[in-house]
Amino acid sequence: MTDQATIRPKRFSFLAPLIQKQFLKNDIIAGLTTSVVGISSSMAYAAIAGVNPIFGLFSAIVPAIIGGLFGSSNYLVTGPTNATALVTASILIGLNISTERYLDMVFLLAILSGIVRLFLGVLKAGKILRFVSNAVLTGFISAVGVLIIFGQMGNIFGLVIPKNDGLIKIITSLFTSFPQTNLYVLGVAVSTVLLILLIRKVNRKLPSAFLAIAAVSAAVVIFDLHRYGVRQVLDMSLPNDVFLRFYLPTFTLNEVTMLLPGAIALALFTLVEGISTAKSFAVIGNEDLDSSREFISQGLAAVVGGLFQSIPSSGSPSRTAVNYSSGAKTRRAAILSGLFLYVILLLLSDLIGYIAIPSLAATVAFSGFSLINFEHVKMTWQTRMTTRLIFIGSFFATLFLPLHYSIYIGVGISILLVALENNQAHLSTLRLMDDGCVVEQHFNINDDSKKFREIEVLNVNGDLVFGVIEHFEENIRYILKQDIKVLIIRLRWVHVLGSTGIIALIGLIRQAKAMKVKVIFVGVEPELFSILEQSGIVDIVGEESIIMATPVVYESLRQGVSIAEEFVN
């Protein structure tokens, strides 16, 4: 049987994803599931961006198709996301865009951010991702989750709360207006969340948000709760002739100049979000990822999407996870998710106007809460003081500054870290000879003369911090592809393991497991073992695969080699 790596097109191809017969059933099921799950979230993200929810559906159709056609990831689904919607709103609100020009500026921002991504992709600038550390990203995403939750409080409680005056004003307004809470509105929002939780408890594979919104909105119509102040999508302003079509937003040169700094910031963030998502699933699915090609596909998706009335798009973590877990095998699944959603839109367009706004708001707040990855926050906090300070700085900058400024600040902090921490870890291979001696050889992936054995030992001399992780990952992935059976990583001289290093190690271990390569850590000091244990790495590799450091030089290495030989034999 032809394997997955063989059938995946290595170059740009419009037809290849559509004409492959293998895995067609898998891709149809995954595409249909992803499209249904994406209905409610896409509409919710449009509401965050400050436009009618119908444009969120457009954004999950066109970018998904274009991203699937041109991308390199078999699993990545492109479309609107929580964070990009909030960044979009932050940029436009900060520029005081008038209500009359707001919608055109949303589409123009999508187009401009796409052009920036295209430019970076053509320049093969895939390595730009190394300039955003895990601490910065965790702080930013966590704060975005908080902002999304508080941004929906007005719709959840039925209160008029200004969204463009900052977090402090929102919280203050919420407390002062709380006695005027509309209990009907609050009841609709709470019912939606409870129903989502109930459906997930019954069957996590069901589109819980979609079903909850549909059920609660139906109840709003049946009991005529609209007359008690429960707003519906039909109450939002929407042109009468809105349907999926080509649309060139009107703009002036001054508006382009005004939007460009925000578009660049948005492009940088969407690339980090999208490529990080694609990389995560590339590791799980054991596929090669071309970051620069993804830059181009994401750029094209945003540009074409903007020309078809879509809000700015990115690689969607939630829909990609659904796509993968539903059995997607090729890029065709992402394309089909967009096509299926278009068919659903045609069939259900008359019902969309009856969706209850508080129900959508509750779904948005619920998804905002899911953005706060408490595991990553805990991991970041448990590493080193520098990482904690970076996390805190990124978190509060995002909460209290315009989001596009906080993106620049995060990238700036990360670049400074790269300059301070780069080249602090050196890699070499070790060979345990029959006479007990250990031979060390500098490791270079460009050295074709290097012969790999079933048991390979990699010695890490220096700290695994943000600035060196990309180099470390690149070398490990290269070794894993050399038909080895056991990889022993000696950590005797690693004293600091940053949060970015922990994330990288977890990904590499999972990739090794998928390739049936056993990973053993040797020379581990007690302090480092504590970090490995708290981060869950010990549970992933097994405690028997971690050999503690001893006073005798290379004794832990000999123990590791002995375990490796038993495994191979």
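The structure this text deals with has already been given above.
Residues numbered from 1 in each chain as written. Predicted model: local features only at pLDDT ≥ 70, side-chain atom pairs only at ≥ 80, totals over all residues. Heavy atoms only, no water.

Topic: the overall build of the protein chain
Cut-off, in case you're wondering: The helix and strand labels rest on DSSP assignments: H or I over at least four residues marks a helix, E over at least two residues marks a strand, and numbering proceeds from the N terminus. With a 1.4 Å probe rolled over the protein chains alone, any residue whose accessible area is under 20% of its type maximum counts as buried; one over 50% counts as exposed, and the rest are partly exposed. Any two residues having at least one pair of non-hydrogen atoms within 4.5 Å are treated as being in contact. Only the protein chains shown count as covering a residue, and every accessible area follows the Shrake-Rupley method with a 1.4 Å probe.
For the protein chain, the helix and strand inventory stands at 24 helices and 8 strands. Within the span of the protein chain, comprising 569 residues, buried residues form 56% of the whole. For the protein chain, contacts bridging at least 24 residues in sequence account for 82% of all contacts bridging at least 6. Surface accessibility of the protein chain: about 25100 Å² in total, with carbon and sulfur atoms responsible for 63%.

Let's talk about the packing of aromatic side chains
Let me state the cut-off plainly: Two rings from Phe, Tyr or Trp (for Trp, the six-membered ring) form a pair when their centres are within 6.5 Å of each other. A pair whose planes differ by under 30 degrees is stacked, one over 60 is edge-to-face, and the rest are tilted.
One pass over the full model with this rule turns up 13 aromatic pairs. Taken together through their ring pairs, the aromatic side chains of Phe 55, Phe 58, Phe 107 and Tyr 247 make up a single cluster.

Digging into the pattern of salt bridges
Put simply, the rule is: The working definition used for a salt bridge is a side-chain nitrogen of Lys or Arg within 4 Å of a carboxyl oxygen of Asp or Glu.
The final tally for this structure, using the stated rule, is 8 salt bridges. Notably, a salt bridge pairs Arg 101 with Asp 104, separated by 3.3 Å at the nearest N-O pair. Note that Arg 101 and Asp 104 are positioned in helix 6 (residues 99-122) at a spacing of 3 residues, about one turn of the helix. Among the ionic pairs, Glu 525 bridges to Arg 492, the shortest N-O distance being 2.7 Å. With Glu 525 in the loop between strand 7 (518-524) and helix 22 (526-534) and Arg 492 in strand 6 (residues 486-493), this pair connects stretches of sequence that are 33 residues apart. Looking at Glu 525, the relative accessible area reads 24%, which means it is partly exposed. The network of salt bridges with common partners includes Arg 101, Asp 104 and Glu 255.

Here we look at the side chain of Ser 90
Mapped onto the elements, Ser 90 comes out in helix 5 (residues 82-94). In this structure Ser 90 comes out as buried when scored by relative accessible area, which is 17%.

Concerning the packing of helix 5 against helix 6
Where we set the bar: Simply put, an axis is a line fit to the C-alpha atoms, just over the touching stretch for a helix, and the angle between two N-to-C directions goes from 0 to 180 degrees. Throughout this description, any angle smaller than 35 degrees is read as roughly parallel, any larger than 145 degrees as roughly antiparallel, any in the 65 to 115 degree range as roughly perpendicular, and the remainder as oblique. Handedness of a helix crossing follows the sense of rotation of the near helix relative to the far helix, less than a right angle counterclockwise being left-handed and clockwise being right-handed.
Viewed as axis vectors pointing N to C, helix 5 and helix 6 meet at an angle of 125°, and their least axial separation amounts to 11 Å. The pairing of helix 5 with helix 6 is recorded here as oblique in orientation. When you trace helix 5 past helix 6, the crossing you get is right-handed. Judged by residue contacts, Thr 88, Ala 89, Ile 91 and Leu 92 of helix 5 engage Tyr 102, Met 105, Val 106 and Leu 109 from helix 6.

Describing the side chain of Asp 104
The class for Asp 104 is buried, based on a relative accessible area of 8%. Setting aside residues no more than four positions away along its own chain, Asp 104 makes contact with Tyr 247, Pro 249 and Thr 250.

What to know about the environment of Val 87
Among the structural elements, Val 87 can be located in helix 5. On the basis of relative accessible area, Val 87 is assigned to the buried category, the value being 0%.

Digging into a negative patch on the surface
We apply this condition: Here a patch means residues that are over 30% exposed by relative accessible area and free of salt bridges, tied together within 9 Å if like-charged and within 5 Å if nonpolar (Val, Leu, Ile, Met, Phe, Trp, Tyr). We treat Lys and Arg as the positive residues and Asp and Glu as the negative residues; His and chain ends play no part in the count. Charge coordinates come from a single atom per side chain, which is NZ of Lys, CZ of Arg, CG of Asp or CD of Glu.
Among the surface-exposed residues, Glu 533, Asp 539, Glu 543 and Glu 544 lie close enough to one another that they form a single negatively charged patch. Here Asp 539 lies in helix 23 (residues 537-541). We classify Asp 539 as exposed; its relative accessible area is 69%.

Remarks on a nonpolar patch on the surface
A cluster of nonpolar side chains, namely Ile 168, Trp 381, Met 385, Leu 389, Ile 392, Phe 396 and Phe 400, defines an oily patch on the protein surface of about 710 Å² accessible area. Ranked by residue count, the leading element in the nonpolar patch is helix 18 (residues 385-400), at 5 residues. Inspection of the secondary structure assignment puts Ile 392 in helix 18. Note on Ile 392: relative accessible area 31%, which makes it partly exposed.

Things to note about the pairing of strand 6
Rule in force here: Two strands make a pair as long as DSSP finds a minimum of two bridges between them.
Of all 8 residues in strand 6, 6 are buried; the element is thus mostly enclosed. Pairing analysis gives 5 bridges linking strand 6 to strand 7, with the strands arranged parallel. By the bridge assignment, Arg 490 is partnered in strand 7 with Val 522.

What to know about the nonpolar core
As a reminder of what qualifies: Put simply, a nonpolar core is a bunch of buried Ala, Val, Leu, Ile, Met, Phe, Trp, Tyr and Cys residues held in one set by side-chain atoms that sit within 4.5 Å of each other.
Counting 68 residues, the largest nonpolar core has Met 43, Leu 57, Val 87, Phe 140 and Ile 352 as the members making the most contacts within it. Here this core gets 11 residues from one element, more than from any other, and that element is helix 4 (residues 54-70). The contact partners of Ile 352, leaving out residues within four places of it in the chain, are Met 43, Ile 54, Leu 57, Val 233 and Leu 345. Met 379, Leu 487, Phe 521 and Val 524 belong to the second-largest nonpolar core, a separate cluster that totals 37 residues.

Looking at unusual backbone geometry
Even without being glycine, Asp 224 reaches a positive phi, approximately 50°. On the basis of relative accessibility, which here comes to 36%, the residue Asp 224 falls in the partly exposed class.

Observations concerning the environment of Ile 61
You can see Ile 61 is positioned in helix 4. Under the relative-accessibility criterion, Ile 61 is labelled buried at 2%. Separated by 282 residues in the primary sequence, Ile 61 and Val 343 place their C-alpha atoms 9.9 Å from one another. Every residue in contact with Ile 61, bar those within four places of it in the chain, is listed here: Leu 244, Gly 338, Leu 341, Tyr 342 and Leu 345.

Remarks on the packing of helix 7 (residues 134-151) against helix 16 (residues 357-371)
Applied cut-off: As a working rule, the residues Ala, Val, Leu, Ile, Met, Phe, Trp, Tyr, Cys and Pro are called nonpolar, Asp, Glu, Lys and Arg charged, and the rest polar, with Gly in that last group.
Orientation of helix 7 relative to helix 16, taken along the N-to-C sense of each, is 160°, at an axis distance of 7 Å. In this view, helix 7 runs roughly antiparallel relative to helix 16, as classed from their interaxial angle. For the element pair helix 7 and helix 16, the recorded crossing hand is left-handed. Facing Ile 141, Val 144, Gly 145, Ile 148 and Ile 149 of helix 7, the residues of helix 16 in contact are Val 364, Ala 365, Gly 368, Phe 369 and Leu 371. Here the residues of the contact of helix 7 with helix 16 sort into 8 nonpolar, 2 polar and no charged.

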